[in-house]
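Residues per chain, in single letters:
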Amino acid sequence: MSFKESIDYSNLPKHVAVIMDGNGRWAKQKGKNRAFGHHNGVLSVREATEAAAELGIKFLTLYAFSTENWNRPKFEVDILMKLLVNTINKETKTLNKNNIRLLAIGNIDSLPDNCKKELQEAIKNTSNNTRMTLVLALSYSSKWEIINAVKLIAADVHKNKININEINQDMFSEYLTTKDIPDPELLIRTSGEFRISNFLLWQIAYSELYFTPKFWPDFRKEDLYEAIVNYQSRERRFGKTSEQIKQK
Ligand code: IPE
Ligand code: IPE
Ligand code: MG
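Residues numbered from 1 in each chain as written. Chains lettered and ligands numbered in written order. Predicted model: local features only at pLDDT ≥ 70, side-chain atom pairs only at ≥ 80, totals over all residues. Heavy atoms only, no water.

Novice: Could you give an account of the site of ligand 1, naming the residues involved and the relevant values?
Specialist: Neighbouring residues of ligand 1: Met20, Asp21, Gly22, Asn23, Gly24, Arg25, Arg34, His38, Ala64, Asn69, Arg72 and Leu80. At a separation of 3.3 Å, an oxygen atom of ligand 1 approaches a polar backbone atom of Gly22. Asn23 is positioned with one of its backbone polar atoms (N or O) 3.1 Å from an oxygen atom of ligand 1. A total of 380 Å² of accessible area belongs to ligand 1 in isolation, and the protein chains cover 87% of it. At 3 residues, helix H1 (residues 23–29) tops the list of elements feeding residues into the shell around ligand 1. Looking at the shell around ligand 1 residue by residue, the class counts come to 3 nonpolar, 5 polar and 4 charged. (Near = heavy atom within 4 Å. Polar contact = N/O pair within 3.5 Å; in protein donor to acceptor, adjacent residues only side chain to side chain. Areas by Shrake-Rupley, 256 points an atom, 1.4 Å probe, with all protein chains shown as cover. Helix = DSSP H or I, 4+ residues; strand = E, 2+ residues; numbered from the N terminus. Nonpolar A, V, L, I, M, F, W, Y, C, P; charged D, E, K, R; others polar.)

Novice: Could you give an account of the sheet that holds strand S3 (residues 100–105), naming the residues involved and the relevant values?
Specialist: If you trace the 6 strands from one edge of the open sheet to the other, you get S3-S4-S2-S1-S5-S6, paired in parallel fashion. Edge positions in the open sheet fall to S3 and strand S6 (208–211), since each of these has one partner strand only. Averaged over all pairs of adjacent strands, the angle between strand axes in this sheet comes to 20°, irrespective of strand direction. Bridging between S3 and strand S4 (residues 132–140) involves 6 bridges; their strand directions are parallel. Along S4, the bridge assignment pairs Ala104 with Leu136. Helix-sheet contacts for helix H4 (residues 113–125) involve S3 and S4, and the interaxial angle to S3 is about 140°. (Pairing = 2+ DSSP bridges. Axes fitted to C-alpha atoms, helices over the stretch in contact; angles between N-to-C directions. Contact = heavy atoms within 4.5 Å.)

As structure tokens, then:
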């Protein structure tokens, strides 16, 4: 039986975020180089995107490249950037066919020019799509994003655009690169690592975390279904007691 049959469509997460990890180890296991793992990870991106859209999930965020990943050997960074440009270029048609809008979060200005250009074009070309939003986290780190927000807020205070007393959680969220994107209810990490690696620290304050030992290139639709069924078995209390939640 597929986990899909157990999904409660009235209780779907609106936003699922994924830390796609384990490409290198997956390749190593097969006696191949890390690039082979990254190339095979693209199929999993397709699977996850399709599965999420088919289910009716509204936002899927994929952590594709972290600020810290710039510290990898140059040839690996170059391979990842090239793969990114090629994939975006190839997949824009499919995104449009499936009515999926593309967005990017992170320090997009730090990406190589051709990459930025390809990305901006794809974002523009898919901007009217309404079924699901696919968010790519690129050159993303949460600490960068939070410091960036603090700088923007300080500048607006300085320009008298806002008053210090007006700063609250909602306003702060508006200064993050995730503005207009709801917080994820579910965060998935593949590859058996139990850490967040500087991803969406502010936004996952109350997310449900799901860890799977599978390496990212092995991730298939069924794995997303399983994560969602697991998510739906949890009681989200938000600080309240279980009794209070059940009364509703
Ligand atoms: C995830 O796989 C992809 C990126 C971080 C870009 P890794 O490349 O981190 O693979 P492992 O974790 O070394 O196996
Ligand atoms: C996290 O994976 C970043 C992405 C998935 C893009 P890493 O492989 O870079 O994470 P750490 O450094 O092992 O925590
Ligand atoms: Mg890794």
